[in-house]
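# Examination of the molecular architecture
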Amino acid sequence: MSLRAIDPWVNVNMGEREPPEWLVRVKEDYFRGGDEFFRNVSPEELLADMDAVGVEKAIVSLDVAAPSKHVLAFAQAAPGRIAFAASVDPNKLMPELWRLEALVKSEPVVMARVVPFLHDLPPTAPVYYPLYAKCVELDLPLSLNTGIPGPPVPGECQNPMHLDRVCLHFPDLRLCMAHGADPWWGVAIRLMIKYKNLHLMTSAYSPRHLPAELIHFMNTRGQDKILFASDHPVLSMERCVREAQLLDLRPGVLDKYLYANAERLFFAPRQPRR
């Protein structure tokens, strides 16, 4: 089988607005990026990058509250290849969820997304619960960042242990941890064993730095649980695909990691509850 991949975390409009200070710190202190870090990517450029490394589909971040025309143009340029992750602010409660519902009806949205450190609120906070209920109702996967974040912001809210109660109370919610789970990899793995609808994508994490315990899980009980992702262009899909191919994975596991798990979680037909 030839290499195929899906990249569920792609950024295309980082030059569209003034970056917050925490993102500047990520660029300079964590990724040591240059001036090209904060720039917009064109549909033609993204598709060329995808084609060069075998990425068949990409999921681009889109703000629910103010959908960017630049971002929306990507799905129009490549129907079936570009989909959206709708970024949600749980503090905005029902108006935000109505915007999410409308966007799901009008655009190829395949997941909702929340970054807890932006709000310094753990996923057990009550303001998240309407979002969980809406995602179950829409049969829409939800991505939640886990692990200590790179910028100098509070990180305890992203301890994956907070998802224990969420998965317990919302067993039908399809959840995907994002940006790894460092330094709580063992907790994340144990939770994925415990809850069938909990997954993890390795976005913003160089595959060559993935811990041995995660590789073991990918080769054994977690073959259907772990998803490839980059954070392109912050961490390029070319680098991530190249490093993924060098992982010590059993036959068939690389394709699940790069493609099949994301295809099943994000692109299988949804079955909304109403």
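For the structure itself, consult the block above.
Turning our attention to the overall build of the protein chain. Check the secondary structure of the protein chain and you find ten helices and eight strands. Its C-alpha atoms give the protein chain a radius of gyration of 17 Å, near enough to 19 Å, the size a compact globule of 274 residues would have. By the burial criterion, 54% of the 274 residues in the protein chain qualify as buried. Counted over contacts in the protein chain with a minimum sequence separation of 6, partners at least 24 positions apart contribute 77%. By element, 54% of the accessible surface of the protein chain is carried by carbon and sulfur atoms, the whole surface being about 12,000 Å². Positive and negative charge centroids in the protein chain, built from 30 and 33 side chains respectively, lie 7 Å apart.

To continue, consider the pairing of strand 5 (residues 142-145). By the alternation rule, side chains of strand 5 split into Leu-142 and Leu-144 and Ser-143 and Asn-145, which are all buried. Alignment of strand 4 (residues 109-114) against strand 5, held across three bridges, turns out to be parallel. Within strand 5, the position partnered with Arg-113 by the bridge is Ser-143. The handedness of the strand 4 to strand 5 crossover, carried by helix 5 (residues 129-138), is right-handed. Examined bridge by bridge, strand 5 and strand 6 (residues 175-178) share four bridges and lie parallel to one another. Residue pairing in the sheet places Asn-145 in a bridge with Ala-178 of strand 6. Since strand 5 and strand 6 lie parallel, the crossover through helix 6 (residues 163-169) that links them has a hand, and here it is right-handed.

Let us now look at the sheet that holds strand 2 (residues 55-63). Pairing in this open sheet of eight strands is parallel, and the strands run 1-2-3-4-5-6-7-8 from one edge to the other. Edge positions in the open sheet fall to strand 1 (5-10) and strand 8 (226-227), since each of these has one partner strand only. Sheet topology places strand 7 (residues 198-201) next to strand 8; two bridges connect them, and they run parallel. Following the sheet pairing, Leu-200 is matched in strand 8 by Ile-226. In the packing of helix 7 (residues 185-194) onto the sheet, contacts are made with strand 6, strand 7 and strand 8, and the angle to strand 7 comes to roughly 140°.

Inspection of helix 9 (residues 237-244) places Met-237, Cys-240, Val-241, Glu-243 and Ala-244 among the buried residues, and these make up the whole buried set. All buried residues of helix 9 fall inside an arc of 165° around its axis, so they share one side. On its buried side, helix 9 packs onto strand 1, helix 2 (43-53), strand 2 and helix 10 (253-267).

It is worth spelling out the pattern of salt bridges at this point. In total, this model carries 14 salt bridges according to the counting rule given. For Asp-139, the salt bridge goes to Arg-174, with nearest N and O atoms at 3.2 Å. Pair noted here: Asp-139 is in the loop between helix 5 and strand 5 and Arg-174 is in the loop between helix 6 and strand 6, with a separation of 35 residues, a long-range link. There is no split in this pair, since Asp-139 and Arg-174 are both buried. One continuous salt-bridge network, built from bridges that share partners, spans Glu-101, Lys-134 and Glu-137.

Conventions adopted
Residues numbered from 1 in each chain as written. Predicted model: local features only at pLDDT ≥ 70, side-chain atom pairs only at ≥ 80, totals over all residues. Heavy atoms only, no water. Helix = DSSP H or I, 4+ residues; strand = E, 2+ residues; numbered from the N terminus. Rg over C-alpha atoms; globule rule 2.2 N^0.38 Å. Buried < 20%, exposed > 50% of the residue type's maximum accessible area, 1.4 Å probe, protein only. Contact = heavy atoms within 4.5 Å. Areas by Shrake-Rupley, 256 points an atom, 1.4 Å probe, with all protein chains shown as cover. Lys, Arg positive; Asp, Glu negative; His and termini not counted. Charge placed at Lys NZ, Arg CZ, Asp CG, Glu CD. Pairing = 2+ DSSP bridges. Right-handed = clockwise from strand over helix to strand, strands pointing away. Axes fitted to C-alpha atoms, helices over the stretch in contact; angles between N-to-C directions. Arc of directions from axis to C-beta. Salt bridge = Lys/Arg side-chain N within 4 Å of Asp/Glu carboxyl O.

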